[in-house]
Each structure stands twice: as C-alpha cells, then as structure tokens.
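The primary structure of each chain is shown beneath.
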Amino acid sequence: VQLRESGGGSMQAGGALRISCAVSGGPFSSYKMGWFRQAPGEDREFVASIWNGRSTFYADSVKGRFTVSGDDAKNVVYLQMNSLKPEDTAVYYCAVHYSGDIWSRLSYDYWGQGTQVTVSS
C-alpha cells in the first residue's frame, strides 16, 4: 500500500481547506484509514478515521469542523477542514490501520509523507 497526501497550504483562521490522500495497492474502502497530525515538538495525534467507505470517527478537537470521506472511483480519502484555527497547524498524515485502537498511531502500519497545513490568526 502506498499513500500520498496533497492539498496542504496556508490559511487564515476561520477558513476551509480540503486535503487528499491518494491510495494505491488496493481500494481504500477495504482498509480502515486514519488521518493524524503532528505539530512541531508535539506527538502525532489522531484526527479522524473512516472504514467500510463511510463509517467515521473523530477526535473531540475536530468534531463538527472536520469531515472525512472517500471517493471510490478515484481511490482517494479526503479530509475537509472547516472553521480552521491556529492550533490546527500541523503536518497532516494519512495512514492504514493494522490492528488495535483506531485513535492510536501505533495501530497503523502504512503512512504517507504528510502535507503541511498552516493556519494564521
């Protein structure tokens, strides 16, 4: 499995951005996919997960603002981020779940290279 994130950039607080994760090596809907983020000097933290193509779970910090979805035809997983805050600034990674808790980075075994999202106040 190979993952490639794209779509990151710089935004003003309150803005919106959609980042993408292109999946190769199998249909994304056959995997449990996760989005994580890592700010400078911080641990990589869970953001959202999608499985069975449409079941989702979110971290409390992004619930109601972020939406994870997928496009079967393009084999791409998206993270739509609305009402962005400066504390959302981080490198965002998508990953394939292997086993264990979906909110734990230790449960994922394939990772993309990440895409930078910067939110200014």
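You'll find the structure just up there.
Okay, so let's go over this structure. (Residues numbered from 1 in each chain as written. Predicted model: local features only at pLDDT ≥ 70, side-chain atom pairs only at ≥ 80, totals over all residues. Heavy atoms only, no water.)

1. Looking at unusual backbone geometry
Counted only if it meets this: Where helices and strands are cited, they refer to DSSP runs of H or I of at least four residues and of E of at least two residues respectively, numbered from the N terminus.
The backbone phi angle of N75 is positive, close to 55°, even though this residue is not glycine. Mapped onto the elements, N75 comes out in the loop between β7 (66-71) and β8 (76-81).

2. Some points on the state of the cysteines
Just so we agree on the cut-off: Here, two cysteine sulfur atoms that lie within 2.5 Å of each other are counted as a disulfide. A 1.4 Å probe rolled over the protein chains alone gives each residue an accessible area, and that area as a share of the maximum for its type sets the label: buried under 20%, exposed over 50%, partly exposed in between.
Under the definition given, this model contains one disulfide. A sulfur-sulfur separation of 2.0 Å characterises the disulfide bridge that pairs C21 with C94. Across the S-S bond of C21 and C94 the torsion is about 65°, and the bridge reads as right-handed. Of the two residues, C21 sits in strand β3 (residues 17-24) while C94 sits in strand β9 (residues 90-97), which places them 73 residues apart along the sequence. In terms of burial, C21 and C94 fall into one category: buried.

3. Brief notes about the nonpolar core
For the record, the criterion: By convention a nonpolar core is built from buried Ala, Val, Leu, Ile, Met, Phe, Trp, Tyr and Cys residues, the set being connected through side-chain atoms within 4.5 Å. Two residues form a contact once any of their heavy atoms are found within 4.5 Å.
M33, W35, V77, L79, M81 and Y92 are the most contacted members of the largest nonpolar core, which totals 32 residues. Elements supplying a minimum of two residues to this core: β3, β4 (33-38), β5 (45-51), β7, β8, β9 and β11 (115-120). Take this core: its biggest share by element is five residues, from β9. For M33, the contacting residues outside a window of four places in its chain are L3, C21, V23, F28, A48, S49, I50, V77, A95, V96 and Y108.

4. What to know about the sheet that holds β8
Test applied: At least two bridges found by DSSP between two strands is the condition for calling them paired. Note on geometry: axes are lines fitted to C-alpha atoms, helical ones only across the stretch in contact, with angles between N-to-C directions running from 0 to 180 degrees.
Taken together, the four strands give an open sheet; going across it, the order is β1-β3-β8-β7, and neighbouring strands pair in antiparallel fashion. A single partner strand is all that each edge strand has here, and the edge strands are β1 (2-6) and β7. Between one strand axis and the next, the sheet turns through 20° on average, direction left out of account. Relative to β3, β1 is paired through five bridges, and the arrangement is antiparallel. Bridge assignment links R4 to a residue of β3, and that residue is A22.

5. A closer look at the packing of aromatic side chains
Applied cut-off: Working definition: rings of Phe, Tyr and Trp (its six-membered ring) pair if their centres are within 6.5 Å, and the pair is stacked with planes under 30 degrees apart, edge-to-face with planes over 60 apart, and tilted otherwise. Geometrically, a charge over a ring is one whose NZ (Lys) or CZ (Arg) sits within 6 Å of the ring centre while staying within 35 degrees of the ring normal.
Tallied over the entire structure, the rule returns seven aromatic pairs. Ring centres 5.9 Å apart and planes at 35° place the aromatic pair F46 and F57 in the tilted group. Here the residue F46 occupies a position in strand β5, and F57 occupies one in strand β6 (residues 55-58), the gap between them amounting to eleven residues. Residue class for F57 comes out partly exposed when judged on its relative accessible area of 34%. Residue placement shows K32 over the ring face of W51; its charged tip is 5.6 Å from the ring centre.

6. What to know about the environment of D71
Quick note on the threshold: Side-chain atoms alone can form a polar contact between residues adjacent in sequence; in general such a contact is a pair of N or O atoms within 3.5 Å, and within protein one must be able to donate a hydrogen while the other accepts it.
In this fold, D71 is placed in strand β7. Classification of D71 as partly exposed rests on a relative accessible area of 23%. Those residues in contact with D71 that sit more than four places away from it in its chain are F28, V76 and Y78. Of note is the side chain of D71, whose polar atom sits 2.9 Å from the backbone nitrogen of A73.

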